[in-house]
Amino acid sequence: KMSVVRLVKLRVPAGQAKPGPAIGQALGPLGINMMEFCKGFNAATDSLVPSTPIPVVLTAFSNRTFTFTTKTPPTTWFLKSCAGIDKGAARPGHSTVGSVTLKQIYEIARVKKENDDHLKHLPHESICRSIIGSAWSMGIDVVKDVDNDVDDEDEEEE
């Protein structure tokens, strides 16, 4: 009779899982075939942009078999990509490192809702609000539109 030995959470770059220390330390002690996991993961993330960080939840069983599910990349990764930045602000709320549009927030929410089972039941607006909160806490401004710059209005008044 097989039983669940452990749930392992990993974050692996899409299509780039390779047997190495990072994955080895997680799977080695469980007696799981690393190559098998890497092949399966890379096949599952084949269609994604290479090196996108993908959270994986792997279930290891007592007979050394396993199953895994992939989730969407972290919201912070999406936000950094959209804003074109490498990292969030050192002092969010004091400094701004970039901006994203509401349309981008909406798209991130759509991808998350369509692909992550634990978000399927939530209203789209709630997911958007959560993502906006993440953006603010990273020092990323949320703007209505790229073209709508506040500076344009000031110049006309002078």
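We now turn to the structure provided with this report. Here the structure is a predicted model, which means the values were calculated and not measured. (Residues numbered from 1 in each chain as written. Predicted model: local features only at pLDDT ≥ 70, side-chain atom pairs only at ≥ 80, totals over all residues. Heavy atoms only, no water.)

### A word on the overall build of the chain
Per the secondary structure count, the chain includes six helices and five strands. Reading the helices (α) and strands (β) of the chain from amino to carboxyl end gives β-α-α-β-β-α-β-α-α-β-α. Taken over the C-alpha trace, the chain has a radius of gyration of 20 Å; the compact-globule value for 158 residues is 15 Å, which it surpasses by more than 25%. On the principal axes, the C-alpha backbone points of the chain span a range of 75 × 35 × 30 Å. Out of the 158 residues belonging to the chain, those deemed buried represent 34%. The contacts of the chain with a sequence gap of at least 6 include a subset with a gap of at least 24, amounting to 62%. Looking at charge distribution, the chain has the averaged site of its 18 positive side-chain charges lying 22 Å from that of its 20 negative ones. (Helix = DSSP H or I, 4+ residues; strand = E, 2+ residues; numbered from the N terminus. Rg over C-alpha atoms; globule rule 2.2 N^0.38 Å. Buried < 20%, exposed > 50% of the residue type's maximum accessible area, 1.4 Å probe, protein only. Contact = heavy atoms within 4.5 Å. Lys, Arg positive; Asp, Glu negative; His and termini not counted. Charge placed at Lys NZ, Arg CZ, Asp CG, Glu CD.)

### Description of helix α2 (residues 34-44)
Among all positions of α2, only F37, C38, F41 and N42 are buried. For α2, the arc enclosing every buried residue in end-on projection is 125 degrees, short of the 170-degree limit, so these residues lie on one face. Turned more than 90 degrees away from the buried face of α2 sit K39 and A43, all of them exposed. Tucked inside the fold, the buried residues of α2 contact β1 (4-13), α1 (21-27), β2 (53-61) and β3 (66-70). By the N-cap criterion, in which a side-chain oxygen at the helix start approaches the backbone nitrogen of a residue two or three places on, α2 is capped by N33, the distance to M35 being 3.0 Å. (Arc of directions from axis to C-beta. Polar contact = N/O pair within 3.5 Å; in protein donor to acceptor, adjacent residues only side chain to side chain.)

No statement about biological role is implied by the geometric values presented.
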